[in-house]
Every structure is written in structure tokens, then in C-alpha cells.
Amino acid sequence: MTSEHKLQPVIVIIAFNRPDSLSRILNSINEAKYPNENVDLIISIDKSDNNQNVLDVANSFKWKNGNKKVKYQSQNLGLRKHILKSMSFASEYGSMIMLEDDLFVSPDFYNYSKQALEFSKDDDNIAGISLYNHQYNVHKQENFTALEDGYDNYYFQFASSWGQAWTEKQITYFLEWYNQKLDINSLKGIPAYVTNWSEKSWLKHFIAYTVSQNKFFIYPKISLTTNFGDEGANMDVSNTYYQVPILLNSGKKYKFSTLNESRSIYDVYFENTSIVNEMNINEKDITIDLYGIKPIENNKRYLLTSSKYNYKIVNSFGRNFKPHDLNIIKKIPGSDFFLYDTNVKSINKIKIKPFDIIDYNKKTISLTESFVIFKHKFIQRLLIFFGN
């Protein structure tokens, strides 16, 4: 995966109506570390009747690492069209790093992006590079940690929107697929959680692309961005749900695995599909569903899940190791994950233990914290119900 021509990705900042957010991300990229050569910066702002203050922030910003361009859209595009239009910079520059304005970057974000792009640029299995490291399964609202396999990356069919990098070829392939205007609701394997997102979302189309074309994003084990969750097009209320630790050092030499080397390969449901290698079952014959949220695939005989079904239990595993994938790899005995043979019916008296699952995910919640959470959620529901 090498070439004589080294990629020099342009940085593209996407902004609309959050001047404080834009100022924060711009300051963070200015404090990051860069190679000796100049790095181009583009600040792309969607048109609005009341975002002159955003344009002022962009125009007054002093970019100390290269050339800066401010592009103000001539008409309001909306988030999806704005992102799609901005992808064209990958063709102009050969590669790009895209950052929305509610992010904050690690000092090493550019170094990581360059190395990951160089590593993957000739691999058509790769749809893009994520700078963000997920620690939360958005489908199940539970913790997520990628299996540690000795490399600095993992593979994920969940396209990234909280800091991502692409080569020109990666964007070209996606746009060729996107311009077919396929109905993503009719595509196999796309979670309802994703298809139900707003039409403002460009991400759901990129996720549908990765799943339908069996491609992956390279993700870092240590995040190079974090998300402030500022109120905006895809966030109704500010929150810290997606804040994650970021790498503070710079100049790291990253050790990337290939897909063949990795033991940390996740599908769109946050399931590690590589653990099928531990089951002595053909991957075409088994569904991995440790989070217990996938629909049953009728064409697959075996099902490994945390859910209760009345099929023959071939094997069962405990929930002790973290991440939970490791319990399967190390064959920890217990009654938390079940390998079913769906060809054989059986009445199973399985007791799902919700408290144990909460305890596993949260470690501990005091009575005081439980009351505060209950009170807060109850008031939130009342406010939503009464429309305030």
C-alpha cells in the first residue's frame, strides 16, 4: 500500500450557524502539529439569513500553517447537500480531511490522517478514514470498545461523520454509487436506526454504501477528534454523550493492520464479525448478535446472541471480560451469550438479568445517582409531552 506520490490532504471545515463552535474547532486545528510543508485550509459556510457572525469568525481567523480560503455558499444547501458538495475538494486536492464545527481535534490528527490515507489508498475495501473512535453503541445505547489486537486501528462498517478523511478515489466510488439514487430502505442489512435518520443526513447514505458494497472505514483505537454535541442540524439539545478521550501527543508512527491481519472487524451493528473464526462455523452460516438487536436471518443456521430464543443451545458463554467479544474468544462459561442452532426447536428456560447487564456496563450507580437520573428523565418526558 505504498506509492511514490505522497498525499497532502486539504482540511475542510463545515460550518453554518454556530460561531462559537467554529471558533473552537479553528483554534484546535491551529494548535495541532503539521509537516514542514504548507497545509491548505478551506472553511465552507452554508448560506443563512443570520450567520454573518460565522462568516466574520472565518474571515478573521489567522491560519498559520498554509493558505486559507473561505467559501460562502450562494444559496442554502442544507447539511446533506453541503457535505456532498464539499466532497469535491478531494478531487481538487487528491485527498481531504473533513471536520464539522462541533468537533475538537488532537494535535496529531493530521499526522494520523496522512498515514492512514497512505496506508489504505490502494485498497478498494476501504471507504474512508475515521478520526473519531466510537465508545458507544448508538443502536443499543450501551458501551462499545473495539477489541485490542495489537494494532492502532480497527475496521468498521459504520461510516464516520465526526472527523473523516478520504482520497479522491474513495470519494469517487461513493459518489458513483450515491448518484444511482437507490432507495436505502430497500437495501439489505441497513439498521432501522440508520434509515430512520432525518433526510438532512448524508451519513446514512454513506453507511448504506459501506454495507451494500461490503466496505469499511479505518478507525483509530485512540481518538483524534471528540464531539462537543453542540445544538445544530442533527442535535436538538447540547450534550456530552459522544465526548471521548483524544491523543494529546503528536508525531506517532501508527501501526495499521490489514483486514486479513485484524481481529477487530465490526459490522454496522457494532458486532465483531472476526470472532466467527473462534466458532468453527462457516461465516455464511452464523449471525453474530452479542448486543441482541439484529433481526434473525432465516438463511443462517446458527445464531450467537444475548437474546432468548427457543432454539437448541449449542454452547453458552459468560459476560465477564471487556469488551464482550473476548468472552467468546476465551470461551468463558456462563449463561449470558448463547449459540443457537435455529434448525432445532427447543423450549429454553433462560433468565435474562437486566441488573447484571447494567452493572457490567456502568460498573456502579449509587441510589442518589439513580434518583437524579429518574427525576431528570421524568421531567424531560413531561416537557416533551406538554410541548415545552
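It should be emphasised that the depicted structure is a prediction, and the values quoted were computed from it without experimental measurement.

A.B. asks: Looking at this structure, how should I read the overall build of the protein?
C.D. replies: When helices and strands are counted, the protein shows 11 helices and 17 strands. For 388 residues, the compact-globule formula gives about 21 Å, and the C-alpha radius of gyration of the protein, at 22 Å, lands near that figure. Each principal axis of the C-alpha atoms in the protein carries an extent, and together these give about 70 × 60 × 40 Å. For the protein, with 388 residues in total, the buried portion stands at 52%. Taking as baseline every contact in the protein between residues at least 6 positions apart, the subset at least 24 positions apart corresponds to 73%. Surface summary for the protein: the accessible area is close to 19,600 Å², and the carbon and sulfur share equals 50%.

A.B. asks: Would you mind showing me how to read the environment of Gln243 here?
C.D. replies: When you line up the elements, Gln243 lands in the loop between β12 (225-227) and β13 (265-266). C-alpha of Gln243 to C-alpha of Arg24: the two residues are 219 residues apart in sequence and 15 Å apart in space. Reaching out from Gln243, the side chain makes a polar contact with the side chain of Thr226 at a distance of 2.6 Å.

A.B. asks: How should the side chain of Thr167 be read in this particular structure?
C.D. replies: When you line up the elements, Thr167 lands in strand β10 (residues 164-167). If we skip the residues at most four places from it in the chain, Thr167 touches Leu7, Ala90, Gly94, Ser95, Leu117 and Lys121.

A.B. asks: I tried to follow the packing of aromatic side chains on my own but got confused; where do I start?
C.D. replies: Between two aromatic rings, the relevant description is the distance of the centres plus the angle of the planes. Under the counting rule described, the total for this entry stands at 44 aromatic pairs. Put simply, the rings of Phe144, Tyr154, Phe156, Phe158, Tyr193, Trp197, Tyr219, Tyr266 and Phe270 touch in pairs and so form one group of aromatic residues. Over the face of the ring belonging to Tyr360 we find Arg319, whose NZ or CZ atom lies 5.8 Å from the ring centre.

A.B. asks: What am I meant to see in the pairing of strand β14 (residues 286-289) here?
C.D. replies: Each regular strand displays side chains that alternate between the two surfaces of the sheet. Across the two faces of β14 the burial is the same, with Ile286 and Ile288 and Thr287 and Asp289 all buried. Pairing between β14 and strand β15 (residues 302-305): four bridges, direction parallel. Bridge pairing in β15 places Ile286 opposite Tyr302.

A.B. asks: Honestly, the sheet that holds strand β2 (residues 41-45) in this entry has me stumped. Any pointers?
C.D. replies: Within a beta sheet, neighbouring strands are joined by backbone hydrogen bonds and run either parallel or antiparallel to one another. The nine strands lie next to each other as β3-β2-β1-β4-β10-β6-β11-β9-β13, forming an open sheet whose pairing is mixed. Of all the strands in the sheet, just β3 (68-72) and β13 have a single pairing partner and so form its edges. Relative to strand β11 (residues 216-220), strand β9 (residues 153-156) runs antiparallel, the two sharing four bridges. Residue pairing for β11: Asn153 is matched across the bridge by Pro220. Sheet contacts for helix α6 (residues 168-178): β4 (95-100), β6 (126-130) and β10; angle to β10, the most-contacted strand, approximately 90°. Sitting on the sheet, helix α8 (residues 203-212) touches β6, β10 and β11, and the angle it makes with β6 is about 130°.

A.B. asks: Sorry, what's going on with the sheet that holds β14 here?
C.D. replies: Sheet architecture is open: four strands sit in the order β14-β15-β17-β16, paired in mixed fashion. Only two strands of the sheet have a single partner each, and these edge strands are β14 and β16 (311-317). Strand-to-strand twist across the sheet, computed as the mean angle between neighbouring axes with direction ignored, equals 20°. In the sheet, β16 pairs with strand β17 (residues 337-345) via six bridges, with the strands oriented antiparallel. If you follow Asn315 over to β17, its bridge partner there is Leu339.

So, how was this worked out
- Residues numbered from 1 in each chain as written.
- Predicted model: local features only at pLDDT ≥ 70, side-chain atom pairs only at ≥ 80, totals over all residues.
- Heavy atoms only, no water.
- Helix = DSSP H or I, 4+ residues; strand = E, 2+ residues; numbered from the N terminus.
- Rg over C-alpha atoms; globule rule 2.2 N^0.38 Å.
- Buried < 20%, exposed > 50% of the residue type's maximum accessible area, 1.4 Å probe, protein only.
- Contact = heavy atoms within 4.5 Å.
- Areas by Shrake-Rupley, 256 points an atom, 1.4 Å probe, with all protein chains shown as cover.
- Polar contact = N/O pair within 3.5 Å; in protein donor to acceptor, adjacent residues only side chain to side chain.
- Phe/Tyr/Trp six-rings, centres within 6.5 Å; stacked < 30°, edge-to-face > 60°.
- Lys NZ or Arg CZ within 6 Å of the ring centre and 35° of its normal.
- Pairing = 2+ DSSP bridges.
- Axes fitted to C-alpha atoms, helices over the stretch in contact; angles between N-to-C directions.

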